[in-house]
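Chain and residue survey
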Amino acid sequence: MLVNNRKLTIREIVEDVSIAYEFIQNSLVNDLGFNRVAAKLVPKDLNFIQKRDRVDVAKDIIFEAESDPTFIKRIITGDDTWVYKYDTQSGHQESEWRSPNEPTPKKPRRFQSKKKAMLTVFMDYNGVVHHEFFPEGQTPPNSPDLAPCDFFLFNRVKKPLRGTRFSSREEVIEKSQEALMDIPKTEYKKCFEDWIKRWHKCVAVDGDYFEGDNIDLDELT
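Predicted model, so just to flag it, every value in this text is computed and none were measured.

Section: the environment of Ile72
Secondary-structure assignment places Ile72 in the loop between helix H3 (48-67) and strand S1 (77-84). Along the backbone, Ile72 and Asp124 are 52 residues apart, and their C-alpha atoms lie at a distance of 8.6 Å. If we ignore the near neighbours within four places in the chain, the residues touching Ile72 are Tyr125, Phe192, Trp195 and Ile196.

See the structure below:
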């Protein structure tokens, strides 16, 4: 049944085959090793040519990195992101430790503010090379699973700001600059080393998006 429809719930399977819920659940999770996962959001559907181009670029960078140990240290990469006057916290940030007898915490629905500033950052192996804020209105496309600013830097800048309501755009700029400069240089080195692994993953999945996928590169070599 699941071969034809992976979105079936355990309850729907139970109703169709008239077998106990616990038996179906145990068979799926423990015997077959299935987990129910939500679809991940990606920037766009990549066509064959776009996937091929990603693989070609990945292979070129892997070759240069393996041929020249200083190659990755000479790269400067950059990108843009919006920093909001108020940004909602992630589910993980808002989670709390509770005992079994305590009620589940509740929160009102909140939304990102319309007031925002665009942060542009250029970085290398040792940290931030240049950063500045631009007027609103720029929304460049990207490949978030392969861009260091996206998979590493911007989340590190925004995470300590989430859940705080700033009084002005100037305060947004001030606090995001502080968060940017507080990132240790060692984290940038780890980011660039991880970047090489991400190029290998891009090749392994034939150029498709791979963020969130459990890819064991040792099994693929």
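A short note on helix H5 (residues 148-158)
By the criterion of burial, H5 is predominantly enclosed, with eight of the 11 residues buried. Against S1, strand S2 (116-124), helix H6 (169-181) and helix H7 (185-204) lie the buried residues of H5.

A word on unusual backbone geometry
Here Ser18, not a glycine, exhibits a phi torsion of approximately 60°, which is positive. Inspection of the secondary structure puts Ser18 in the loop between helix H1 (10-17) and helix H2 (21-31). On the basis of relative accessible area, Ser18 is assigned to the exposed category, the value being 67%. Although it is not a glycine, Asp206 adopts a positive phi angle of roughly 60°.

Overview of the packing of aromatic side chains
Under the criterion given, the structure shown has four aromatic pairs. When the ring of Phe192 is compared with that of Trp195, the centres are 5.4 Å apart and the planes differ by 90°; the resulting orientation is edge-to-face. With Phe192 and Trp195 both in helix H7 and three residues apart, this pair spans about one turn of that helix. We note that Phe192, like Trp195, is buried. Residues Trp195 and Trp199 carry aromatic rings whose centres are separated by 5.9 Å and whose planes lie at 40° to one another, so their mutual orientation is tilted. Separated by four residues within a single helix, Trp195 and Trp199 lie in helix H7, roughly one turn from each other.

Reading the values: the criteria
- Residues numbered from 1 in each chain as written.
- Predicted model: local features only at pLDDT ≥ 70, side-chain atom pairs only at ≥ 80, totals over all residues.
- Heavy atoms only, no water.
- Helix = DSSP H or I, 4+ residues; strand = E, 2+ residues; numbered from the N terminus.
- Contact = heavy atoms within 4.5 Å.
- Buried < 20%, exposed > 50% of the residue type's maximum accessible area, 1.4 Å probe, protein only.
- Phe/Tyr/Trp six-rings, centres within 6.5 Å; stacked < 30°, edge-to-face > 60°.

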